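# A look at the structure
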Amino acid sequence: MKKKYSGKEIIRAGEDFLRDDIFSNPDIFNNAMDVLSYWRFQHEVPLEKALSILERESTAKDKSVIFAKRLKRYISIVTKLRRFPKMKLKNMQDIGGCRAIVSSTKKLYQIVRELRKLPEFRNSQGKIRYKDYIENPKEDGYRGYHLIGSFKDQNNESKLIELQLRTTIQHDWATALEIVDLFTGQALKSNHGKEEWKVFFQLVSKHFALMEEVHLFSKQEPQKQIEEYDKKVSQKKKYELERDYIQEHERFLKVVKNLEAFAHTLKIANEHITEKQVEGYVLLRVDTLNAQVTSTLFSQAENNEAEKMYLEYEKEAADSKDLVVALVSTTAVGGIKEAYPNYFADSTDFLRYLMIILKSPIRRKPNFFERILRGSGL
């Protein structure tokens, strides 16, 4: 039976990951990874319970919703511990996370209202732990709604699980940003990276939100979408300036060209895994240096095997900027690629909406509207 680690040992492992000499001390590193693996998989049963609730409440409001779940990656855990020095590994709220991708903001909030009624989402003081990144987007432009719930594990101990709800357009935006991070070595998701890329994604997020204000925007014909978007933009001169800025910086950054190149160069082994619905977990290994993604499928009864291989892959990837490892699961009919297009460099849907912005002619000189935007603090 696997050793059970104490709360102090879990906290200490999180602290060890922040040591400057962690990779020159293999005993310390391997022990910390073993503890992390143990603690991460203690969230598997609570995660499944959280996903079950999310599925129940979401499908009642939106029949087209897509679900996914994941256990947080080593690099994401360490990055978060570094960003928040007072945070402890034992208290991290999103070791386990599940997501619902819904068709509209209206349906998203309908689902949120039902979830907020449930006792799992209230802490001991009766408060609901949530972040509304739609009303108040993150600095990088991220939009979505997050809820933290408490769910029992196999030992009847409570674990915190994060539920994320996004619209399809919000998911498309987040996917594209993660692809750029993955293939350029930036960290835009953590608000670190080249300023021109950060501003580009901030403004695109804002203009995608304008599109979502149009009723049934995603269901309309392409030409109608352009017309409706133009109506929104014409309401404020600042929107027009921002659109011109997006167009000019797309040319400068070669956003479309780069995103298409990432997808074309990536070789996908086990192509079938991207196309069909799967049960259980899929372990993905993305090698950006050799532009290849491989996958290993584990049934729901093979969690122990998944845990062991995930740990070994993560040890390999921990000291390499060219390897990305993720253990993910989804109910999407279109398979893992539909729920996690970022790991397959698939930005098709993001580019479709971006083209709506790019098809309007620039009417001002770049240096003029750049001064305007700098004055706005963007």
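Details of the structure are given in the entry above.
Residues numbered from 1 in each chain as written. Predicted model: local features only at pLDDT ≥ 70, side-chain atom pairs only at ≥ 80, totals over all residues. Heavy atoms only, no water.

### Regarding the pairing of strand S4 (residues 145-152)
- Judged by how many residues are buried, S4 sits mostly within the fold: six of eight residues are covered.
- As defined by bridge partners, strand S3 (residues 129-132) adjoins S4 across four bridges and the pair is classed as antiparallel. Bridging from a neighbouring strand, Lys131 pairs with His146 of S4.
- In this sheet, strand S5 (residues 158-167) lies alongside S4 in antiparallel orientation, the contact comprising eight bridges. The residue of S5 that forms the bridge with Ser150 is Leu160. (Buried < 20%, exposed > 50% of the residue type's maximum accessible area, 1.4 Å probe, protein only. Helix = DSSP H or I, 4+ residues; strand = E, 2+ residues; numbered from the N terminus. Pairing = 2+ DSSP bridges.)

### A closer look at the pattern of salt bridges
- Enumeration over the complete set of coordinates arrives at 24 salt bridges.
- Residue Glu57 pairs with Arg56 through a salt bridge whose shortest N-O separation is 2.9 Å.
- Residue Glu57 is classed as buried on the basis of its relative accessible area of 13%.
- Across the pair Lys232 and Glu213 runs a salt bridge, and its minimum N-O distance is 3.0 Å. Placement of the pair is Lys232 in helix H8 (residues 222-233) and Glu213 in the loop between helix H7 (195-212) and H8, with a sequence separation of 19 residues.
- Residue classification places Lys232 among the buried positions, given a relative accessible area of 17%. (Salt bridge = Lys/Arg side-chain N within 4 Å of Asp/Glu carboxyl O.)

### Notes on the environment of Glu338
- Mapped onto the fold, Glu338 is located in helix H12 (residues 336-339).
- For Glu338, a relative accessible area of 36% gives the class partly exposed.
- Expressed as a C-alpha distance, the spacing of Glu338 and Lys86, which sit 252 residues apart in the sequence, is 36 Å.

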